[in-house]
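# Structural description and commentary
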Amino acid sequence: MAKYGGWAGKVLHVDLSAGRTWTEDTVENYKDYLGGTGIGYKVMWDEVPAGTKPYDPANRIIFAVGPLAGTGAPCNGRTAITTLWPTCWPKPLVATGHMGGQFAAKMKYAGYDAVVIKGRADRPVWLSIVDQQVEIQDASRLWGQGIRRTTEAIAQIMGTDAVVAAIGQAGENLVPMSVVMNSVSHSAGGIGSVMGSKNLKAIGVRGTGSVRIAGNKDEWEKLIKYHLSLLGANNQHVVPSSPQPWAEFYEPRSRWVGSKGRTWGAAPRPLETGTCEPHNLNRIAYRTNNAAFFNGDIAWQYTVRGNGCTSCPIRCHTMIKVPSVSAKYGIPEVGQNTCAGLNFGRSFFRTFPDGQRGMTNMEACMVGMHLADDLGIWCNYGQLQRDFQKLYYDGFIKDKLGEKEFKSYSWDKYEKGDPSFLFELFPRIASKEGELGTVLGLGTGYLLERWSMKEGAWGEDKEVAYWKMGHPKHHSTEEAGQCGLLINLQYNRDAQCHSHTNFIRNGLPLSVQKSLAAEIWGSPNAVDAIGAYTPMHPSKAKMAKWSLLRKELHDSLSLCNWMGPWVASPLKERGYRGDDSIESMLYSLATGDKKDRQELDRAAERIFVLHRALTIRDMGTKEMRTKHDLIPEWVFTDKSGKAPFTKGTTHMDRDDVKVAMDMFYDEMGWDRLTGAPTPQAYGKAGLDKVAEELGKRKLLP
Amino acid sequence: MIKAENVVEPKMVKEGEAAGRAIAAMIRQSSEASRLLSESEIHRRAADQHLLTSPAADPAEEVGNILKKVVEGSEDLHELASQDGSRHYYSSHFMTGAYARILLQKKGDQLRLIAETVRENCALYPRPVPLDIFTQPPFDLARQEVLEDLERMAAEEEYRDILPTTTSASRIFLYSTLHLEPEYASMLAEWLDVGQFNNP
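Parameters at a glance
- Residues numbered from 1 in each chain as written.
- Chains lettered and ligands numbered in written order.
- Predicted model: local features only at pLDDT ≥ 70, side-chain atom pairs only at ≥ 80, totals over all residues.
- Pairing = 2+ DSSP bridges.
- Helix = DSSP H or I, 4+ residues; strand = E, 2+ residues; numbered from the N terminus.
- Axes fitted to C-alpha atoms, helices over the stretch in contact; angles between N-to-C directions.
- Domains from an automatic or database assignment.
- Nonpolar A, V, L, I, M, F, W, Y, C, P; charged D, E, K, R; others polar.
- Contact = placed C-beta atoms within 7 Å.
- Parallel < 35°, antiparallel > 145°, perpendicular 65-115°, else oblique.
- Left-handed = near helix turned anticlockwise from the far one by under 90°.
- Expected span 1.5 Å × (residues − 1).
- Buried ≥ 20, exposed ≤ 12 C-beta atoms within 10 Å, placed from the backbone.
- Arc of directions from axis to C-beta.

Moving on, we come to the sheet that holds strand S16 (residues 317-321) of chain A. Residues and elements named next belong to chain A. The sheet built from three strands is open, its strands ordered S15-S16-S17 with antiparallel pairing. Bordering the open sheet on either side are strand S15 (303-307) and strand S17 (334-337), each of which pairs with just one other strand. Neighbouring strand axes in the sheet, compared pairwise and without regard to direction, differ in orientation by 20 degrees on average.

For the rest of this paragraph, the subject is the domain arrangement of chain A. For an interface, size is often stated in terms of accessible area lost upon the parts coming together. Here chain A is partitioned into domain 1 (10-206), domain 2 (218-462) and domain 3 (474-696). Per-class residue counts for the side of domain 1 of chain A that touches domain 2 of chain A are 16 nonpolar, 20 polar and one charged.

As a further point, take the environment of Arg-143 of chain B. On the secondary structure map, Arg-143 of chain B appears in helix H6 (residues 143-154). Remark: the alpha-carbon pair of Arg-143 of chain B and Ile-133 of chain B, spanning ten residues in sequence, is separated by 9.6 Å.

Take the interface of chain B and chain A next. Contacts between chain B and chain A engage 29 residues on the former and 29 residues on the latter. Of all elements in the fold, only helix H4 (97-107) and helix H7 (182-198) of chain B reach the threshold of two or more residues within the side of chain B that touches chain A. With nine residues, the top contributor of residues to the side of chain B that touches chain A is H7 of chain B. Here the side of chain B that touches chain A is built from residues that sort into 21 nonpolar, six polar and two charged.

Looking now at the packing of helix H7 (residues 217-230) of chain A against helix H24 (residues 582-591) of chain A. All names here are of chain A. At a closest axis distance of 11 Å, the pairing of H7 and H24 adopts a crossing angle of 160 degrees. Classified by the angle between their axes, H7 and H24 sit roughly antiparallel to one another. Of the two possible hands of crossing, H7 and H24 adopt the one that is left-handed. Listed contacts from H24 to Glu-219, Trp-220, Leu-223 and His-227 of H7 are Ile-582, Met-585, Leu-586 and Leu-589. Taken together, the residues of the contact of H7 with H24 sort by class into six nonpolar, one polar and one charged.

Taken as a whole, chain B is organised into domain 1 (4-103) and domain 2 (109-198). One C-alpha centre belongs to domain 1 of chain B, the other to domain 2 of chain B; they are set 34 Å apart.

Let us now look at unusual backbone geometry. Residue Pro-90 of chain A is bonded to the preceding Trp-89 of chain A through a cis peptide linkage, with omega at 5 degrees. Structurally, the position occupied by Pro-90 of chain A is in the loop between strand S4 (79-84) and strand S5 (94-99). That bond from Tyr-125 of chain B to Pro-126 of chain B is cis: its omega, -15 degrees, falls within 30 degrees of zero. Counting through the fold element by element, Pro-126 of chain B comes out in the loop between helix H5 (110-124) and strand S4 (129-130). A positive phi angle is found at Met-469 of chain A, which is not glycine, with a value near 55 degrees. Inspection of the secondary structure puts Met-469 of chain A in the loop between strand S18 (466-468) and strand S19 (471-472).

Next up on the list: the sheet that holds strand S2 (residues 77-81) of chain B. Residues and elements named next belong to chain B. The strand order across the open sheet built from three strands is S1-S3-S2, with neighbouring strands paired in antiparallel fashion. The strands lining the two open edges of the sheet, one partner per strand, are strand S1 (37-38) and S2. Across two bridges, S1 lies against strand S3 (residues 87-91) in antiparallel orientation. Looking at S3, one finds that Ser-38 is bridged to His-88.

Now for H7 of chain A. Residue and element names in this part refer to chain A. Taking 1.5 Å per residue as the helical rise, H7 with its 14 residues ought to reach 20 Å, and the 20 Å between its terminal C-alpha atoms agrees with that figure. If you check which residues of H7 are buried, you get Leu-223, His-227 and Leu-230. All buried residues of H7 fall inside an arc of 60 degrees around its axis, so they share one side. For H7, exposure combined with an orientation more than 90 degrees from the buried face picks out Lys-217, Asp-218, Glu-221, Lys-222 and Lys-225.

Written out as structure tokens, the structure is:
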């Protein structure tokens with residue numbers, strides 16, 4: 001019997017150029033990197049030299065999961081996908097996407113912790129994985145099809161218990177703004193065209209195995225129930241959105257929207273969500289309805305139910321049935337997704353004829369999901385839509401397109417908020433048709449370059465929410481002050497870190513949040529009220545570090561960072577405390593590799609520092625502070641003229657931000673001047689060989 | 001999950017023991033149904049069920065004494081006094097004090113209900129409150145009613161601190177100047193209504 005549980009045991013390698021597959025042992029080669037992004041970064045470091053481009057055959061695309069994927073641990077359905085990022089501007093660098101759904105578990109049941117793909121097939125192919133049987137199959141009849149038809153076709157071949165991750169036409173056509181998608185609505189952005197460049201249409205996985213838990217089964221069961229007891233609603237919001245008999249607190253913008261009188265109106269029999277008392281663990285799935293959260297009460301009547309990832313009780317995807325779209329737009333009545341995916345279509349429009357939360361808004365959501373989730377287009381966390389609005393309303397589209405192409409769009413429909421406009425736009429993006437279709441698919445950085453526009457113009461406009469290197473901000477200064485800023489500096493795409501925002505938006509009063517913050521990060525000064533920021537404090541640097549490390553930990557263990565960490569809970573009897581050791585308890589019991597919270601955080605730090613090393617190596621500079629950790633100008637402005645540290649603004653102070661960066665680098669043990677890890681920092685992270693390699697290239701501070 | 005009929009009573013004094021148990025059960029059952037129970041209602045039910053034992057005593061005084069002992073002798077039963085002096089009871093096994101206070105305020109003056117809710121939110125979280133929350137349970141007021149209440153409040157000195165702010169999505173939020181400055185309240189309302197939506 002294997003020494004460790006949790007891990008499936010094998011990493012599958014696929015060389016599409018040679019048509020060859022082989023495996024290596026996960027634990028032997030990657031245990032110190034856990035899984036997920038850890039394996040991804042390690043492979044990129046070891047196998048993909050600096051200077052490689054995203055569509056080169058030498059680029060890898062690594063689908064990896066962690067030891068908790070496919071177990072009963074709540075919220076474990078994430079697959080991390082690591083590669084050179086085609087939208088990263090001006091130079092492609094290593095980044096990751098993530099997808100939920102059922103793919104992660106199936107891959108584990110088939111016996112694999114990761115699939116590493118290199119090369120380029122000489123014709124369209126798809127990868128079939130059925131336990132130990134791995135085959136590169138001909139995809140010539142799938143090429144040119146959307147994600148849905150591809151999924152159905154492969155499921156007919158492999159059986160309906162197979163899970164298919166497929167690209168649509170956007171990925172095939174090497175549109176950088178493209179996704180890979182599994183299980184109907186679970187996508188990873190930015191990846192699709194890398195698969196397309198390899199002529200890889202899809203991966204189908206069927207697994208008949210299981211995941212071994214090393215620890216005592218009764219203890220495991222007890223731990224799972226304990227973890228469930230600490231869960232809130234989506235994004236770990238721990239209070240309901242309206243006063244409830246059981247609740248001391250409430251927050252109108254909480255995602256815990258289930259309550260008496262709120263009903264899944266389109267369920268086969270309308271189903272009331274009820275009061276969703278937190279001790280009733282069988283009603284966790286009724287707490288969240290993201291269709292209603294984003295689109296208002298109108299969405300309840302169209303809600304069929306929640307949906308989501310393997311072993312996740314949250315069900316953050318909402319399945320909605322909107323009968324009017326069938327006759328009006330010729331699309332299926334049922335759609336499902338969450339957050340940016342759910343709002344893909346509606347986010348293009350500034351206005352609708354019947355208001356922001358009326359029927360047309362719902363229809364735009366449906367049309368958007370129908371098109372984007374089949375063509376496989378990525379929104380880059382809404383940047384596509386924000387760019388489109390700015391380009392249109394500021395007159396750039398009219399300037400840059402030829403007259404013929406400009407007139408080929410029904411702009412009157414767009415301005416009126418007619419969702420049918422999307423049928424004109426989305427297929428052109430997916431097929432790079434015309435100048436507009438081409439430029440929108442490039443990603444912001446390359447779009448600006450192609451149209452000879454300065455990045456600074458985007459960096460000055462707060463509404464566009466652009467951050468750097470072709471990507472948007474993601475939970476930055478608008479809600480998390482210096483902590484949010486520091487987090488957004490670190491990556492080569494948007495940060496996708498929710499550790500901090502899950503805490504800040506949990507709905508608890510500020511006094512309770514400060515009390516919890518003092519326990520976790522050493523001082524109540526770690527958190528400020530939104531828009532009432534105070535000067536930088538060492539505890540904010542600790543919070544930023546913790547947030548980043550936990551994000552990497554979740555992405556490596558296969559836990560959902562859109563839910564964790566679980567440091568707050570809905571339980572009044574616990575003082576609303578969660579448990580900061582949940583990850584280490586789950587890891588230790590599942591694998592048998594006993595690590596406490598600090599030890600597991602050190603593994604996470606290894607993974608995070610390796611990502612930093614990749615960035616330094618591939619940029620060819622150690623000057624991270626000045627060349628990579630960049631801040632857009634809008635962060636330092638306020639239209640109303642309010643000064644930093646006054647109530648009512650999120651305007652940051654330049655000197656204070658310098659202090660914040662100093663404190664963060666100190667907290668990480670990195671060099672203040674360059675923002676690069678020192679040899680000691682690499683050593684502490686167990687990355688001596690990485691330091692040696694960087695030293696040879698003169699990339700150490 | 002606790003059920004009212006399963007709650008084990010702490011030891012009661014002999015006198016009025018049965019009445020005390022029955023009254024405690026009444027309060028718990030009401031709380032389980034998300035309702036406060038008033039002293040006057042308890043008095044009526046006690047009389048209907050022939051719970052009172054002292055023929056010579058004033059029934060109201062007897063109920064009051066039993067209630068005092070019941071509340072003091074249990075950890076989950078609590079008394080709230082409304083503005084008009086009437087007393088109401090709830091069980092914290094089924095309802096938090098915060099929820100009970102909302103139910104109590106609903107029995108009283110509607111302007112006070114809105115004002116106290118807004119003030120509490122602004123002081124505690126701190127944040128302004130969307131007007132629409134008053135149209136939903138447990139407040140269940142008609143929107144037009146709330147708008148008219150706000151007009152009345154604007155004219156009364158006692159409620160001058162309660163002000164509206166409208167977001168760019170045309171939704172009204174309410175705040176108290178006792179706890180939030182106007183510009184800060186506007187910024188928070190915009191964040192809650194529009195900003196969070198644009199930063200999912």
